[in-house]
Amino acid sequence: MGRKPAAKERQPDAKLPADLDIGARLRAVRERAGLSQRELAKRAGVTNSTISLIEQETHSPSLASLHRILSAVPISMADFFALPSSQRNVMFFDRDDLAVVARGEADLRVMAAERRDKSLQMFIERYQPGAGTGDEPISHDGETAAVVLTGTIEVTVGSETRVLRRGGGYQLIGRQPYTLRNIGKTVAVVACACTPPML
């Protein structure tokens, strides 16, 4: 929206190392687009210090905030997290093998990030007490389903709010903006799947 057509050609190098964290990825993408931290912050409607802290790995943005920042480059979330292609159809993962989407109070990790052609995406989300997806609702053109593995979360979809505990869950069909927050006193762990993939 309002971007120069040439900006769409500014995509990240396909050889971007797979093990870079969000901060290093953002810095690489920003520099390839020829943007200063200040210019990217202005386009994304965030403070310059926000971009700086993310790049220094001292601040983990929410998915909604990261999406807004990447849209200002512009680059898709899928391209941002792109990893070398894999042809394996059977993949096993230990906890440390999952690709990190966000660290900190809200820790989000995703399975099979190396397969860009998958039709289902699986997240393991850990929320510290009081942490959540952020103030901006997450929305996805597809289906999202989640099950609470431990803890207590509050999910708000539109004007409806529900409290879910271990074994409970939710399924959203179509674009249903929602927020999630851990309202318990212990870490909440959520297994979430979406189709088509968000990243």
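See the structure above.
Everything numeric here is computed off the predicted structure, so don't read it as measured data. (Residues numbered from 1 in each chain as written. Predicted model: local features only at pLDDT ≥ 70, side-chain atom pairs only at ≥ 80, totals over all residues. Heavy atoms only, no water.)

Novice: Would you take a moment to explain helix α3 (residues 48-55) for this structure?
Specialist: Residues spaced three or four apart along an α-helix face the same direction, because each turn holds 3.6 residues. Those residues of α3 that sit buried are Ile 51, Ser 52, Ile 54 and Glu 55. Along the long axis of α3, the arc covered by the buried residues comes to 165°, so they all point the same way. Each element contacted by the buried residues of α3 is listed here: α1 (22-32), α2 (37-44) and α4 (63-71). Positioned one or two residues after α3, Glu 57 has a phi angle of 65°, which is positive. (Buried < 20%, exposed > 50% of the residue type's maximum accessible area, 1.4 Å probe, protein only. Helix = DSSP H or I, 4+ residues; strand = E, 2+ residues; numbered from the N terminus. Arc of directions from axis to C-beta. Contact = heavy atoms within 4.5 Å.)

Novice: Help me understand the packing of α2 against α3 in this model?
Specialist: In a packed pair of helices, the relevant descriptors are the angle between the two axes and the axis-to-axis distance. Two elements in contact, α2 and α3, have axes separated by 8 Å at closest approach and are oriented at 115°. The hand of the α2/α3 crossing is right-handed. Of the residues in α3, those in contact with Gln 37, Arg 38, Leu 40 and Ala 41 of α2 are Asn 48, Ile 51, Ser 52 and Glu 55. Here the contact of α2 with α3 is composed, by residue class, of three nonpolar, three polar and two charged. (Axes fitted to C-alpha atoms, helices over the stretch in contact; angles between N-to-C directions. Left-handed = near helix turned anticlockwise from the far one by under 90°. Nonpolar A, V, L, I, M, F, W, Y, C, P; charged D, E, K, R; others polar.)

Novice: Even after reading the chapter, I still don't get the pattern of salt bridges, so can you show me in this structure?
Specialist: Working definition: two side chains of opposite charge can pair if their charged atoms are close together. In this structure the tally under the stated criterion is seven salt bridges. In this structure, Glu 55 and Arg 30 form a salt bridge, with 2.6 Å as the shortest nitrogen-oxygen distance. Residue Glu 55 is located in helix α3, and its partner Arg 30 is located in helix α1; the two are separated by 25 residues in the primary sequence. The burial state of Glu 55 is the same as that of Arg 30; both residues are buried. The partner of Arg 109 in a salt bridge is Asp 107, with the nearest N and O atoms 2.7 Å apart. For the pair Arg 109 and Asp 107, one class covers both residues: buried. Taken together, the salt bridges that share partners define one network made up of Arg 27, Arg 30 and Glu 55. (Salt bridge = Lys/Arg side-chain N within 4 Å of Asp/Glu carboxyl O.)

Novice: Would you explain the sheet that holds strand β1 (residues 99-102) in this entry?
Specialist: Remark on secondary structure: sheet strands pair via backbone hydrogen bonds, oriented parallel or antiparallel. Taken in spatial order, the six strands make up an open sheet running β1-β2-β3-β9-β4-β7, and their pairing is antiparallel. With partners counted over all chains shown, the strands left at the sheet margins are β1 and β7 (169-173), one partner each. Between one strand and the next, the sheet's axes are offset by a mean angle of 20°, whatever the strand orientation. Examined bridge by bridge, strand β3 (residues 121-127) and strand β9 (residues 188-195) share seven bridges and lie antiparallel to one another. Looking across to β9, one finds that Tyr 127 is bridged to Ala 188. (Pairing = 2+ DSSP bridges.)

Novice: I'm lost on the nonpolar core in this one. Help?
Specialist: Where a protein is soluble and globular, its nonpolar side chains tend to be buried together. Residues Leu 26, Leu 40, Phe 80, Val 101, Ile 153 and Tyr 170 are the most contacted members of the largest nonpolar core, which totals 45 residues. Beyond its immediate stretch of four places on either side in the chain, Ile 153 contacts Val 148, Arg 162, Val 163, Leu 164, Tyr 170, Leu 180, Arg 181, Asn 182, Ile 183, Ala 188 and Val 190. (Core = buried A, V, L, I, M, F, W, Y, C linked by side-chain atoms within 4.5 Å.)

Novice: Any chance you could explain empty space enclosed by the protein here in plain terms?
Specialist: Empty space left among the atoms is revealed by rolling a probe the size of a water molecule over them. In the structure shown here, the tally under the stated rule is two cavities of 30 Å³ or more. Roughly 70 Å³ of volume is contained in the largest cavity. Every residue lining the largest cavity is listed: Leu 63, Leu 108, Phe 123, Glu 125, Tyr 127, Thr 133, Ile 138, Tyr 170, Tyr 178, Leu 180, Cys 192 and Met 198. Listing elements by their share of the lining of the largest cavity, those giving two or more residues are β3 and β8 (178-182). Counting residues per element, the lining of the largest cavity draws most heavily on β3, which supplies three residues. Taken as a whole, the second largest cavity encloses approximately 30 Å³ of empty space. Looking at the second largest cavity, the residues that line it are Ser 139, His 140, Gly 142, Thr 144, Leu 172, Gly 174, Gln 176 and Tyr 178. Each residue belonging to the lining of the second largest cavity can be placed in one class, and the counts come to two nonpolar, six polar and no charged. (1 Å grid on protein atoms, 1.4 Å probe; cavity = no way out; pocket = protein on both sides within 12 Å on 5 of 7 lines; lining within 4 Å. Points joined across faces, edges and corners; volume = space filled by probe spheres on them.)

What is shown is where atoms sit, not what they do.
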